[in-house]
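# Structure at a glance
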Amino acid sequence: MQLSREQLLKAYRQMKTIREFEDRLHEEIPKGLIPGFTHLYSGQEAIAVGVCENLNDSDAITSTHRGHGHCIAKGCDVKGMMAEIYGRATGLCGGKGGSMHIADLSKGMLGANGIVGGGPPLAMGAAIAFRNRGKGEVAVALAGDGSCNSGPVFEAMNMAVMLNLPVIFVFENNGYSEQTAPAYAVGAGKTDLVRRAEGFGMPASKHDGTDFFSVYEATREAVERARTGGGPSAFEFNCLRFFGHFEGDPQKYRIKGEVEMARDTMDCLKNFRHRVTEAKLLEGKDLDQVDAEVKQLIEEAVAEAIAAPFPPDTDVTKNVYINY
Amino acid sequence: MAIKTYREALTEALMIEMDRDERVIIMGEDVAGGAGGSAGVRDNQNGIFGTYPQFHARYGENRFIDTPISEAAIVGAAAGAALAGLRPVVEIMFADFIGYCLDQIMNQAAKFRYMFGGKSRTPMVLRTAYGAGLSAAAQHSQAIYPMITHIPGIKVAVPSKPADVKGLMLTAMRDDDPVVFFDHKALFGVQGEVPEGDTPIPFGKGMRYREGKDATVVAIGRMVHFSEAVVDKLAKEAGITCDVIDPRTTSPLDEDIILASVQKTGRLIVVDESPPRCSVAGDISAMVAMKGFDFLDAPIQMVTSAHSPVPFAPNLERAYLPSGAKIEEAIRKSVDY
Ligand SMILES: Cc1ncc(C[n+]2csc(CCOP(=O)(O)OP(=O)(O)O)c2C)c(N)n1
Ligand SMILES: [Mg+2]
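My aim in this report is to walk through the structure given alongside it, one point at a time. (Residues numbered from 1 in each chain as written. Chains lettered and ligands numbered in written order. Predicted model: local features only at pLDDT ≥ 70, side-chain atom pairs only at ≥ 80, totals over all residues. Heavy atoms only, no water.)

## Focus: the overall build of chain B
Within chain B, the secondary structure is distributed over 12 helices and 14 strands. In summary, chain B has a C-alpha radius of gyration of 20 Å against a globular reference of 20 Å for 337 residues, a match within 12%. C-alpha atoms of chain B, sized along the principal axes, occupy 60 × 45 × 40 Å. Here chain B has roughly 12,100 Å² of accessible surface; of this, 55% comes from carbon and sulfur atoms. (Helix = DSSP H or I, 4+ residues; strand = E, 2+ residues; numbered from the N terminus. Rg over C-alpha atoms; globule rule 2.2 N^0.38 Å. Areas by Shrake-Rupley, 256 points an atom, 1.4 Å probe, with all protein chains shown as cover.)

This is the structure we're talking about:
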C-alpha cells in the first residue's frame, strides 16, 4: 500500500525522534544526572514505528525494559518521558517508575516492563478485553529474542490461539539477550525463532526489522486480520542494537566493527531516507527539516527535565492503593 | 586475615566447593555470558555482578551452565538435579525475578523432604541479588527475604559482611536442604577481613558486631552497615552504646543471641530493609515480645522501608529506605522512653 506524504513524514519523524532521544541519552547518562539502569533502542526504530503506525490510541501495546522507542512510537509525550527518566515530578509517572516503567494508558501504552516476558501475557489479556468489547481493537506485545524463552510467553501464545484473540506477538531479534545470542539460547530454530510461534497455531513470519516498509506492511495485514476476528499472529523482526545491553555495558561479546557495520548497512533511518528520496516520494530537505525540529524538541526535553523538581518525599506512600 | 571484597569472598566460597566436590554445578543467565556472540568469548563479564571470574574456562560447559531466560525451568532443574544427586547452585539475577520461579521454591524444593516422609534430600542453593539503593525501581530492588523465610523447608541466608558471605555460602553448598541466599547488590564492593581457607559458618548463629549496654539493634543484610554507623556515632556523640546483632540467617533464626542481648540492654530496635508487614523485623519483634517480655524496658522499635513498592527517583528511594536518621531516632526514642 502506498503511504501518503503525510504518513511518510510522520513515520520518519517518529523514528528520528526515537533515535535522537536515545542518542542524546547516551550522551547525557555519563554526566550522572540520570539514575538507575537505562537500555537504549537505537537501531530498532523501524520496528516500533512500523508496528505502531498501524495502531490507534485505543489499541494497546506492552513493552520491555528497552521501552523508550515503543513509548514514543505509541504516542507518549516525549518531554514527559524525558522527565521520567530523570526521576522528576513532571515525568509521565511522576518519577516513580523511571526508564523501565514508562506508561501512558491514555495512549494505549501499557507500560515498559522490567520483567523479561512480562508483557505478552498482559497483551493477551488486553486482547480478551478487546474481543469482549467488540470494537475491533488489537493488542501488540513487543518483546525481545531473549524473552521468547520465557514460559509465560509460551503460555500467552497458546491462550491467544485457543481463544482466537486479537493479539500480535512481535519478537525483536536484536542479536542478543544481554550477552547471549539466540543461536545459543534458542533450542529449535536458533536463527529462526518465530517458527516456534507457528507451532502454537498462528501465522508467523520473519522480516527485516531495519526496513520500516517491511515491518509496516507485515503488521498491517496482521492488524487487519486481528481487528476482524481472524485471531493472533507473530513476527520476528531482525535488527542489531547499536548500543550495549545497558548504558555502561563493556560489550565484550561482540566483535569489533559489528556496530559500525550495523550503523552502515542496518540503519533504518538511512534506509528510509534512501528509499523515499530515490522514489521521489520526499525530498532530502523535507527530512532535514524534520531532523532539525526533532533535535530542537529533544534539546528542550532535556533542558526542561533538568530544570524540573523532584517529587516530594511524601509521594513515597502515594498511589500504593487507590484507597487503604 | 586478608582484606577482601564481598564479591571476592563469595567467589572464594564458590571456588572452594566447585574444586572440592564434582557434584556442585552452577547455572544461571549470563553466568559466563557471550554464548553465541560474534566475539566468541566466554567469561566475558564473569557474571552480571562479576562473581565468577573465568569459571567457564575453569569448570567447563557441564558444570558452569549459561541458561536462557527461563527462571521457572532453572530453579525447577536445580531441584530435580538435587534429587538426582547433584548439588546445584543456581543464580536468579535479581531477587524480584523469583516471581517466575516461586512455585519451584515453594511447592517443589521446600516440600519434597516432608511430603516424601523424610526420604529425600534437596541440596540446592538459589543465589540472588536483592535490595534497593541503586534507583533500579520497583521490579529490580525488592528485599523479599521475609517471603522466603516464611516457607517451611527453605533455609535463608542474608549475609552482611565479606567473611560471612564466604562462610555462609560454604555451609549453604554443603547443606542437604534447599537454601535461598540473598546478596545485597550494593554490598558487592564492600571490603572486610576474610579468613583464609575452608571456613564455614553454621546457619542459625548470629554475630554481634558492636557491643554496648543501652540498647540492642538487630539488623539484616545491608542494614547492619547502616546500623553500625549510627551506633558508632551515638557512642561518640551521646555516650549511648548498643549491641549490633546480625542474625546472618533468617531461617533458622538465632533467637538466643537476640534474647541474651535484650536481657542485658532492656531495649530492642530491629532494622530491616523490607516493608513492615509480615517482615523479618515483625517476626523478631514478636519473638522477643513473646519470649523476652520481662526483659523489655521500652516498646520495641522497628525501622523498615515504607509499605510501598520501591520508587525510582533517588530522593523517593531514600525516603523509602531506612536511613541513619531514622535508625538514630528509633534508638533515641527507645533509650529515652
Ligand atoms: C524475568 C527476568 N529475567 C531476567 C532479567 C534480566 N534481563 C534484563 S534484560 C535481559 C535480556 C533480554 O533480552 P531480550 O528479550 O532479547 O531483549 P533486549 O535486551 O535484547 O531488548 C535480561 C536477561 C529480567 N529483567 N527479567
Ligand atoms: Mg534481544
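## A short note on the nonpolar core
Within the largest apolar cluster, 81 residues are counted, with the highest numbers of intra-cluster contacts made by Phe182 and Ile258 of chain B. Residue contributions to this core reach at least three from each of two domains, namely domain 1 (2-194) and domain 2 (207-336) of chain B. Listed in part, the 61 residues of the second largest apolar core include Leu40, Ile47, Val51 and Ile298 of chain A. (Core = buried A, V, L, I, M, F, W, Y, C linked by side-chain atoms within 4.5 Å. Buried < 20%, exposed > 50% of the residue type's maximum accessible area, 1.4 Å probe, protein only. Domains from an automatic or database assignment.)

## Concerning the site of ligand 1
The environment of ligand 1 is formed by 21 residues, the closest being His65, Arg66, Gly146 and Asn174 of chain A together with Glu71 of chain B. Neighbouring residues of ligand 1 are distributed over chains A and B. The contact in question runs from an oxygen atom of ligand 1 to an N or O atom on the backbone of serine 147 of chain A, over 2.9 Å. Coverage of ligand 1 by the protein chains reaches 97% of its 580 Å² of free accessible surface. Each residue belonging to the shell around ligand 1 can be placed in one class, and the counts come to 7 nonpolar, 9 polar and 5 charged. (Near = heavy atom within 4 Å. Polar contact = N/O pair within 3.5 Å; in protein donor to acceptor, adjacent residues only side chain to side chain. Nonpolar A, V, L, I, M, F, W, Y, C, P; charged D, E, K, R; others polar.)

## As for the sheet that holds strand E6 (residues 155-157) of chain B
Residues and elements named next belong to chain B. Spatially, E3-E2-E4-E5-E7-E6-E12 is the arrangement adopted by the 7 strands of the open sheet, whose pairing is mixed. Strand pairing shows two members of the sheet lacking a second neighbour, strand E3 (64-67) and strand E12 (249-251), which therefore form its edges. On average, each strand axis in the sheet is inclined to that of its neighbour by 20°, with strand direction left out of account. As defined by bridge partners, strand E4 (residues 87-94) adjoins strand E5 (residues 125-130) across 5 bridges and the pair is classed as parallel. (Pairing = 2+ DSSP bridges. Axes fitted to C-alpha atoms, helices over the stretch in contact; angles between N-to-C directions.)

## Re helix H12 (residues 284-307) of chain A
Residue and element names in this part refer to chain A. Spanning 24 residues, H12 covers 35 Å between terminal C-alpha atoms, matching the ideal 34 Å at 1.5 Å per step. All buried positions along H12 are accounted for by Asp286, Leu287, Val290, Asp291, Val294, Ile298, Ala301, Val302 and Ala305. Contacts made by the buried residues of H12 are with helix H1 (5-28), helix H4 (78-85) and helix H11 (268-278). (Expected span 1.5 Å × (residues − 1). Contact = heavy atoms within 4.5 Å.)

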